[in-house]
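# Report on the structure
Residues per chain are reported as follows:
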Amino acid sequence: MADSTSLLYATLLVPVAWLAIGLLGLVRGRSVLWVGRILFPLGTLAGLTLGFTALAGLGAPTESLTLPLGLAQFAFHIRLDALAWFFLLLIGFTSAGIGVFSAGYFRAGEGTAPGLLCLQYHVFLASMAVVVMADDAYLFLVAWETMALSSYFLVTTQHRLPEIRRAGFIYLLIAHLGAIGILLCFGVMQGGNWQFTFEAMRAAQLTPVWASAAFFLALFGFGAKAGLVPLHVWLPEAHPAAPSPVSALMSGVMLEIAIYGVLRVTFDLLHVQLWWWGLVTLGLGLFTALFGVVFAAVQTDMKRLLAYSSIENIGIIFLGVGLTVIFHAFHMPLLAALALAATLYHCLNHAFSKSLLFLSTGSVLHATRERSLGKLGGLIHRMPWVAWLALVGTLAIAGLPPLNGFVSEWLLLQAFLFTPDLPHSYVNMLLPMGAAALALVAALAAYVMVKFYGVIFLGQPRESSLREAQDCGRLERIGLLWLAAGCVLLGIFPVPLLALLNNVSRGLLGASLGTQLQHWWLLAPIAPERAAYSPAVFLLSTVVLVAAVVLGVRRFYHGRVRKAAPWGCGFPLLTPRMQDTAEGFGQPIRQIFEPFFRMQRALPSPFDTSPHYRVQVEDHFWYALYAPIAGLVRRISSLAGAVQQGRISVYLLYSFLTLVALLAFAL
Amino acid sequence: MPTLAFSSQLINLCAALLLLLSFAMLAQRRVLTLVDLFAMQGGTLFVSIIVVAWSTGQPHLYYSAALTLILKVILLPLILHHLIRRLGAQWESETLLNTPITMLAGLLLVIFAFTLAQPISQLANTVTRGTLGIALAVVMLAFLMMITRRKAVTQVIGFLAMENGLFFAATSATYGMPMVVELGVALDVLVSMVILGIFFFHIREQFDSLDLHNMESLKED
Amino acid sequence: MNIVTLITQLTEVILAVVAAPLLMGWVNQCRAWLQNRRGPGVLQPYRQIRKLFHKDAVIAAQASPLFRLVPYVQFASMCLAAAIIPSLWTGLPFAVAADTIALVGLFATARVFLALAAMDIGTAFGSMGARREMLVGFLAEPALLMVFFTASLISHSTSLPTIVETLAQGRLAIYPSLAFAGVAFLMVLLAENARIPVDNPATHLELTMIHEATVLEYSARHLALIEWSVALKLFNYTCIGLALFFPWGLATGAHSLRDLLLAIPITGLKLLVAGFGLALIESLNAKMRIFRAPEFLASAFLLAVLGLLVHLLLGS
């Protein structure tokens, strides 16, 4: 194991390198070759470095450092503990896959110039890394805002389209609402001694009321970034607007950074945790998950669908956070460690599989220029690489064994199964409902993913232009392969990583899963006779069985295979347009979960010669929550407009009065 | 967890079955099946009273068991069957809420009933503690069924099921009421059945239907 | 893992694979008897499978490799499930690889692959079948998981053999929560195996079919594998039900050869009774409209959750 101080310096170099690469992008800003073939691979290399350093760092002791930067009294503090290392690992490895893909993806003549894009992209990466490293509120917020701004510019790459500008605006608005929450949270947590280093916050003794205030401000602030309902509205707008690698980065990495914030504040900076925080978080998480998955099922735009699926996964992660808080508050360290491990594992899973899926939609988008599910189909024949790799991501997100999504869901369900040991009977009774809802969400996710994959890649092409679609290039393939391999490896070898995650839970909760992770092939978090799952054996036996059946059938019954047209139901005029559409696939969900949606239907009259059927599904929150607030803001601003006179002397009077007031205050 | 005595396990089982039957009634749309379910509930109640009588050695409970058997398993279902056939009210059209939502509401009611029953059952150290909560839940579920249905017949069945729950509460928590009270209740149920039966015919005569929403027109404006 | 347990494990899987079509045939025969028909005999599924294996396969021109892979995946996953489920004895060394949650996941994987294969051809029937199959699945899977959870809470384990051992040993203990779980499980079994009242395995009427629509484009050996795995799925589900709710007669704990051998006829007898019961249910009920299926399954799901609640409330 390397010296932990040198690890710290190596890690510090990565954001610096990213910034440098970004600036180099401006040197020959119009050259796709320079940016795509040289700078983005370099950035990938830096990402890989970060990932491997973090892997080594997870076992190392905590290191901290004060940088000779920043304002006089607010020097920048850096601290790397296991939690930070884990999220650096996530950033490093996920961004590596996305970086390679981007190298082949960005082309000339699409919105922002490549050089500028390269700068924004790498600043975004660097700021996320710095957020995780920061050890004082000042640096944290500077990096946080840089992250928000750089991602805003990335979202609005195609800024000439009005709907993309609108999406960017909503994103920026919610991001800043969240930032205010975080700012206030730090303000509360300094606890009266006006020290804004995290060190001081850890030492501050807050009353339960103030601690609760800090927790809920953090939940609001970071929840806005993560997409917790009802602050989720920016996600389905921003993700379709952004270029696919950016969506991947935002969904796969940035949302998890928000989770990092919640974990940091809750378990590290606050010295006390109350169990009912956990219950609230759990409830919000459950609702978010259910809301996200139900909305994902009725989407017709593939990137919007994935955005809602991200909301669902964030909900599951928050559920894990809530469960961890509950267990921790009731002093059940082993179970808290289990829930935390599930939460962190799900973060990593989501980072890999959602990035993979967003990148594949990017390839599909490039190949077909089509985002609407109603005009895709049959791409598995034209784009086999993308299709088969996307299948891995699909199965992973759907939470099917033996891939990675299943591991974290398995761990979470195990954690739920232990809740009857809790000393609080109310919580005891409510939690089975939580487990049931989680199971429902997981099963619905499978529904959504079958829809996603089946409509895009399977069936017949719904448009004739799809027959000319080209598979993605070599660099893009490498990116997809990297992420898909991550999904598979995380699914099959969970034990080594969970052993590393023990360092995180030891740091945060003072407990770990410890000796229960003895065999590398057997996942038995509490005890083997209570629960065990061995993905490696599982996969191996599936593969062996499939092979055996294939060989057996080949050996004994090798009849010919003839190709023919499928049965046309006796109808001679079948066209590919008659396949089930995305709307059709979502229809049962739309019917069952009708109260979730705000639906507008336009049905054709029976005498219409060219009938059109239209259904628009919208979010209740827009109209019930955001529209009234927007109206209120508009009314207040029109009141404030009364101050505006238009005469220059009045404005000078205002300035003068302000000056006088300030001077009087200083007196 | 200490293992309970066999008789308490049996009573727990009966309690669970009662709850299960209540949920089945909540979900059932056909009126005749509803009556059968009601009879089965009576049967379960009968068994549970027998078990209580046998385990606590209280002979008067055998009488109330017999009363239950005659009244709730044989007599009332027969009357109801007869009534329904004569009225031609076999079919419940639609419930006010769909089944899953009704059941979800039922689930929440169960949790509520249990939290309600917890302090009471801690006072009483009779056969088992969870059963009181179930009895309360059965009452509430029957109430819920009455709320969500439209036909007069189902309302009556709901009313009778509610009485089942009360009766179960009485036997499980206090080893039965005094015999006089029990006889009185039984008589009440029978009389109310007769009166309601007469009511049905009047309602139908008036509106040509047993659908209760017709009665909304009786409201004065 | 010694050689004896390995042999018992293998025997158990092979017996399940071989006997599965027999159970299917028995159910069909009972149905025929109950409906005053003579029936094709209990061996009909074997004949059917044999016939299909000997035919030449016809595959739609636009089928992708996924389509041809799926029957094998189906069959393999059902075999794998059979290796976890204690249908004869609980000494299953493989069960450590996958507990009940993984078992539900395995069924879900099989279903997802089947739905994807159905969408692969791109006919209206296939995608309709896929949609309905997933519709049944997204409610049935959580219900099944909750049934398992109820049993897991009783036995403090999610490993299926351990659960069954606990349930089989506690002869005196009656678990009220299992009554709920049992009803819920029965509903899930009917839905998952495409039986009446959710689906009719004998129909090819477009408006009503669920499962059959997904396999409409398969023929010959692919269809044979699918039919076999359908039979195996029914067998697996029936064995889960028997093991959870009627665990008597299974060879548990440290078992002697006599126990092992005795378990085979006992399980066979139980399967005969269960098959007759299934046929009875199917004959007594009418198939419901497809819109009612979600309600039916949601009720099953809520019943299972209720079982969980009752367990926690009664503390037993």
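Just so it is clear, the model here is predicted, and its values are computed rather than measured.

About the cut-offs
Numbers given for residues are sequential positions, taken from 1 along each chain in its written order. Both sets of labels track the order of writing: A upward for chains, 1 upward for ligands. Residue-level local features of this predicted model are given only where pLDDT is at least 70; pairs of side-chain atoms are given and counted only at 80 or more, and the full residue set underlies all totals for whole chains, interfaces and linings. Values reported for side chains reflect all heavy atoms of the structure, with hydrogen atoms and water molecules removed beforehand. Note on contacts: a residue pair qualifies if any of its non-hydrogen atoms lie within 4.5 Å across the two residues. What gets called buried area is simply the loss in accessible area from a 1.4 Å probe that two parts show on being joined, summed for both. Note on definitions: salt bridges are taken to be side-chain nitrogens of Lys or Arg within 4 Å of carboxyl oxygens of Asp or Glu. Pairs of N or O atoms within 3.5 Å make up the polar contacts considered here, provided that, within protein, one atom can donate a hydrogen while the other can accept it, and that residues adjacent in sequence are counted only when both atoms are side-chain atoms. We call Asp, Glu, Lys and Arg charged. Ala, Val, Leu, Ile, Met, Phe, Trp, Tyr, Cys and Pro are nonpolar, and the rest, Gly among them, are polar. Counting from the N terminus, the helices are DSSP H or I runs at least four residues long and the strands are E runs at least two residues long. Expected span, for any helix, means 1.5 Å times one less than how many residues it has. In this scheme, the bend at a residue equals the angle between the axes fitted to the seven residues that finish there and the seven that begin there. Three exposure classes are used, based on accessible area relative to the maximum for each residue type with a 1.4 Å probe and protein chains only: buried under 20%, partly exposed in between, and exposed over 50%. Helix axes are fitted only over the stretch in contact, all axes being lines through C-alpha atoms; the angle between N-to-C directions runs from 0 to 180 degrees. Every angle not falling under 35 degrees, over 145, or within 65 to 115 is termed oblique; those three ranges are roughly parallel, roughly antiparallel and roughly perpendicular. Crossing handedness follows the turn of the near helix against the far one: under a right angle anticlockwise gives a left-handed crossing, and clockwise gives a right-handed one. Here a Phe, Tyr or Trp ring, Trp counted by its six-membered ring, pairs with any other such ring whose centre lies within 6.5 Å, and the pair is stacked when the planes are under 30 degrees apart, edge-to-face when over 60, and tilted otherwise. Criterion for a charge above a ring: Arg CZ or Lys NZ at most 6 Å from the ring centre, at most 35 degrees from the ring normal.

### Observations regarding the interface of chain A and chain B
Often, the extent of an interface is quoted as the loss of accessible area upon association of its parts. In this complex, chain A contributes five residues to the contact, which on the side of chain B involves six residues. Carbon and sulfur atoms supply 84% of the area that chain A and chain B bury against each other, a total of about 460 Å² over both sides. Summed over the shared surface of chain A and chain B, the result is zero salt bridges. The tally of links between chain A and chain B comes to zero residue pairs in polar contact (both at pLDDT 80 or more). Residue classes in the side of chain A that touches chain B are distributed as four nonpolar, one polar and no charged.

### Observations concerning helix H5 (residues 124-155) of chain C
All names here are of chain C. Relative to the 46 Å expected for 32 residues at 1.5 Å per residue, H5 spans 46 Å between its end C-alpha atoms, a close match to the ideal helical length. Bending of H5 peaks at approximately 25° at the position of Gly-137. The element H5 is extensively covered by neighbouring structure, given that 31 of its 32 residues are classed as buried. In the segment just after H5, His-156 is the residue with positive phi, at about 55°.

### Points about the pattern of salt bridges
Per the stated rule, a full pass over the model turns up 20 salt bridges over all chains. Residues Glu-192 of chain C and Arg-111 of chain C are paired through a salt bridge, measuring 2.6 Å at the closest nitrogen-oxygen approach. You can see Glu-192 of chain C sitting in helix H7 (residues 176-192) and its partner Arg-111 of chain C sitting in helix H4 (residues 100-121), a full 81 residues away along the chain. Accessibility assignment for this pair places Glu-192 of chain C and Arg-111 of chain C in one class, buried. Taking the shortest distance from any N to any O, the salt bridge between Lys-233 of chain C and Glu-192 of chain C comes out at 3.4 Å. Placement of the pair is Lys-233 of chain C in helix H9 (residues 220-245) and Glu-192 of chain C in helix H7, with a sequence separation of 41 residues. For the pair Lys-233 of chain C and Glu-192 of chain C, one class covers both residues: buried. One salt-bridge network, in which partners are shared between bridges, spans Arg-79, Asp-81, Asp-135, Glu-199, Arg-202, Arg-264 and Asp-268 of chain A.

### So, the packing of helix H6 (residues 162-189) of chain A against helix H10 (residues 244-269) of chain A
Residues and elements named next belong to chain A. Between H6 and H10, the least distance of the axes is 12 Å, while the angle of their chain directions is 15°. With respect to each other, H6 and H10 are oriented roughly parallel. The handedness of the crossing between H6 and H10 comes out as left-handed. Residue-level inspection shows Tyr-171, Cys-185, Phe-186 and Met-189 of H6 in contact with H10, the latter providing Met-250, Met-254, Val-265 and Leu-269.

### Description of the packing of aromatic side chains
Under the definition given, this model contains 42 aromatic pairs over all chains. Pairing Tyr-651 of chain A with Tyr-654 of chain A gives two aromatic rings, centres 6.3 Å apart and planes at 55°, and the pair type is tilted. Here Tyr-651 of chain A pairs with Tyr-654 of chain A, and both are found in helix H23 (residues 648-666), just three residues apart, close to one helical turn. Looking at Tyr-651 of chain A, the relative accessible area reads 30%, which means it is partly exposed. According to the relative accessible area criterion, Tyr-654 of chain A is partly exposed, its value standing at 30%. Plain terms: the ring middles of Trp-26 of chain C and Trp-33 of chain C are 6.0 Å apart, the flat faces sit at 85° to each other, and that makes the pair edge-to-face. Residue classification places Trp-33 of chain C among the partly exposed residues on the basis of a relative accessible area of 48%. Among the aromatic residues, those joined into a ring-pair cluster are Phe-287, Phe-291, Phe-295, Tyr-308, Tyr-447, Phe-585, Phe-593, Phe-596, Phe-597 and Phe-621 of chain A together with Phe-138 of chain C. For Arg-166 of chain A, the ring lying beneath its charged end belongs to Trp-622 of chain A, and the centroid distance is 5.9 Å.

### Focus: the interface of chain C and chain A
Facing the 75 residues of chain C at the interface are 70 residues of chain A. Surface buried jointly by chain C and chain A totals about 6,300 Å² across both partners, of which 75% is contributed by carbon and sulfur atoms. A per-residue breakdown of the area chain C buries against chain A is headed by Met-119, Arg-131 and Phe-138 of chain C, which together make up 11% of the total. At the junction of chain C with chain A, the criterion picks out two salt bridges. Two residues, Asp-580 of chain A and Arg-131 of chain C, come together in a salt bridge whose shortest N-O distance is 2.7 Å. At the junction of chain C and chain A, the tally comes to 18 residue pairs in polar contact (both at pLDDT 80 or more). Mapped by element, the contributors of at least two residues to the side of chain C that touches chain A are strand E1 (57-60), helix H3 (65-84), H4, H5, H9 and helix H11 (292-314) of chain C. Of all the elements, H5 of chain C adds the most residues to the side of chain C that touches chain A, at 17 residues. In terms of residue class, the side of chain C that touches chain A is built from 52 nonpolar, 14 polar and nine charged.

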